[in-house]
Amino acid sequence: MADLQDLLLKSSRTFALSIPLLPEPTANEVCIAYLLFRIADTFEDSTAWSQERRVEALQDFKALLDQPEAERCAELARRWTDQPPCDHEGYLELLSEVPAVMAAFSQLTPEAREQVRLHTARTADGMMIYVARTDDRGTLRLEDVADLQAYCYIVAGIVGEMLTELFLLGTEELEPVAVELRQRARAFGEGLQLVNILKDAASDADEGRTYLPADTERKDVFALARRDLGTASDYTQILQRSGAPEGVVAFCALPVLLAWGTLARVEEKGAGAKLTRPEVFAITMAMNHALQNDQPVIPLEVREQPIPPT
């Protein structure tokens, strides 16, 4: 069987570093779930395939989640790699290892497998809708803020909901706050996605993806991102106050902290701006210090940073 951690590293260095923070079996469940979502993302983002082929691939992939038969997995892996949807070596290796990923998915506990299957299938359904909206050149344009929010829910809000259900499995200390977490799960994922969209606006446009609606002021999108990150911060603080495993808190806190910093940098310097490695290191060390000393992992001053003038 393929080394899932190696596949994770080759398809997302960020998640390869953060998922091991989680306790088992959650780390394994989230690793497999991420790889499945990455497969769907690869089809949605494909610039080499026609609209029809991208939809077909998403349909076939969704069917595998219900019946991950080894022979069918191998057949589809060959089909997807014979005429690849992209040129990213990590994504192509992941597609070639679909049989191994689906075998690992099949070995999850029934409860975890159902949560991963349900949410991955929902994302695939939503992606098909947006792929069907692309033009003959494969270009997707979102119409307004509501459309942007709906898209972010499909590709990231559902991830937040899935993670929440996996965190809740077998974690008795979180049962009293399950409702609070579920109420904030969507925004936890969407806030991170909005920051990525703002940061990558220029490169996305070059590749035919226009996620920022033309008639929407950027300040409104920044405001939406700040609101969702505020909710994501609340989500993380609830986990910390409720005695969630330290690894779960760190897994959630680190991307939220980095998103706050990135949002401020993009507001100040524009699309494409990002945090430096020393800044990422400093944020990580501050988070670890807070965890070790039972301090709020997302301090209030992070959330109350001044908005740069426009």
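What you see is a predicted model, and the numbers here were worked out from it, not measured in a lab. (Residues numbered from 1 in each chain as written. Predicted model: local features only at pLDDT ≥ 70, side-chain atom pairs only at ≥ 80, totals over all residues. Heavy atoms only, no water.)

**Quick word on the overall build of the protein chain**
For the protein chain, the helix and strand inventory stands at 15 helices and two strands. Taking 2.2 N^0.38 as the reference for a compact globule, 310 residues should give roughly 19 Å; the C-alpha atoms of the protein chain span a radius of gyration of 19 Å, in line with that estimate. For the protein chain, the spread of C-alpha atoms along the principal axes amounts to about 50 × 45 × 35 Å. For the protein chain, restricting intrachain contacts to residue pairs at least 6 apart in sequence, the fraction spanning at least 24 positions comes to 73%. Mean positive and mean negative side-chain charge positions of the protein chain (30 and 50 charges, respectively) differ by 3 Å. (Helix = DSSP H or I, 4+ residues; strand = E, 2+ residues; numbered from the N terminus. Rg over C-alpha atoms; globule rule 2.2 N^0.38 Å. Contact = heavy atoms within 4.5 Å. Lys, Arg positive; Asp, Glu negative; His and termini not counted. Charge placed at Lys NZ, Arg CZ, Asp CG, Glu CD.)

**A closer look at helix 13 (residues 246-269)**
Taking 1.5 Å of rise per residue, the 24 residues of helix 13 would be expected to cover 34 Å, and the 34 Å separating its terminal C-alpha atoms lies within 8% of that figure. Burial analysis of helix 13 places 19 of its 24 residues in the buried class, which makes it a mostly covered element. Just past helix 13, the residue G270 takes up positive phi, approximately 100°. (Expected span 1.5 Å × (residues − 1). Buried < 20%, exposed > 50% of the residue type's maximum accessible area, 1.4 Å probe, protein only.)

**Some points on the state of the cysteines**
Each disulfide consists of a covalent bond between the sulfur atoms of two cysteine residues. What the rule picks out here adds up to zero disulfides. C86 carries a free sulfur, and the closest cysteine sulfur to it, the one in C31, is 19 Å from it. Distance from the sulfur of C252, which forms no disulfide, to the nearest cysteine sulfur (C31) is 16 Å. (Disulfide = S-S within 2.5 Å.)

**Quick look at the packing of helix 3 (residues 26-45) against helix 7 (residues 98-106)**
For the pair helix 3 and helix 7, the least separation of the axes is 10 Å and the interaxial angle reads 135°. Considered as vectors, helix 3 and helix 7 are oriented oblique to each other. When the axes of helix 3 and helix 7 are compared, the crossing they make is left-handed. When helix 3 is examined against helix 7, the residues I32, L35, L36 and I39 are found in contact with a partner set consisting of V98, V101, M102, A104 and F105. Looking at the contact of helix 3 with helix 7, its residues break down into nine nonpolar, no polar and no charged. (Axes fitted to C-alpha atoms, helices over the stretch in contact; angles between N-to-C directions. Parallel < 35°, antiparallel > 145°, perpendicular 65-115°, else oblique. Left-handed = near helix turned anticlockwise from the far one by under 90°. Nonpolar A, V, L, I, M, F, W, Y, C, P; charged D, E, K, R; others polar.)

**Side note on unusual backbone geometry**
Here the amide bond leading from E24 into P25 is cis, since omega sits at 5°, within 30 degrees of zero. Along the chain, P25 falls in the loop between helix 2 (13-18) and helix 3. The backbone of D294 sits at a positive phi, close to 55°, despite the residue not being glycine. Following the sequence through the fold, D294 ends up in the loop between helix 14 (277-292) and helix 15 (300-303). Its relative accessible area of 71% is what places D294 among the exposed residues.

**Considerations on the side chain of E165**
Here E165 shows up in helix 9 (residues 145-168). E165 gets classed as buried once you look at its relative accessible area, which sits at 16%. A polar atom in the side chain of E165 sits 2.8 Å from the side chain of R182. The residues touching E165, leaving out its near neighbours within four places in the chain, are Q115, H119 and R182. (Polar contact = N/O pair within 3.5 Å; in protein donor to acceptor, adjacent residues only side chain to side chain.)

**As for the nonpolar core**
Core analysis: the largest hydrophobic core is formed by 103 residues, its most contacted members being L35, L36, F43, W80, F167 and L239. In terms of residues, this core owes the most to one element, helix 13, which gives 14 residues. (Core = buried A, V, L, I, M, F, W, Y, C linked by side-chain atoms within 4.5 Å.)

**Comments concerning the environment of R137**
Along the chain, the position of R137 falls in the loop between helix 8 (110-132) and strand 1 (140-141). As a C-alpha pair, R137 and F188 span 51 residues in sequence and 32 Å in three-dimensional space.

**What to know about the packing of helix 4 (residues 51-66) against helix 8**
Contact geometry for helix 4 and helix 8: axes closest at 10 Å, N-to-C directions at 170°. The pairing of helix 4 with helix 8 is recorded here as roughly antiparallel in orientation. Considering how the two elements wind past one another, helix 4 and helix 8 form a crossing that is left-handed. Together, Q51, R54, V55, L58, Q59, F61, K62, L65 and D66 of helix 4 and R117, T120, A121, A124, D125, M127, M128, V131 and A132 of helix 8 make up the contact between the two elements. Within the contact of helix 4 with helix 8, the residues separate by chemical class into 10 nonpolar, three polar and five charged.

**What about the pattern of salt bridges?**
The final tally for this structure, using the stated rule, is 20 salt bridges. Residue R79 is joined to E75 by a salt bridge in which the shortest nitrogen-to-oxygen separation is 3.1 Å. Here the residue R79 and the residue E75 both occupy positions in helix 5 (residues 70-82), the gap between them amounting to four residues, near one helical turn. Taken together, the salt bridges that share partners define one network made up of D60, R72, E75 and R79. (Salt bridge = Lys/Arg side-chain N within 4 Å of Asp/Glu carboxyl O.)

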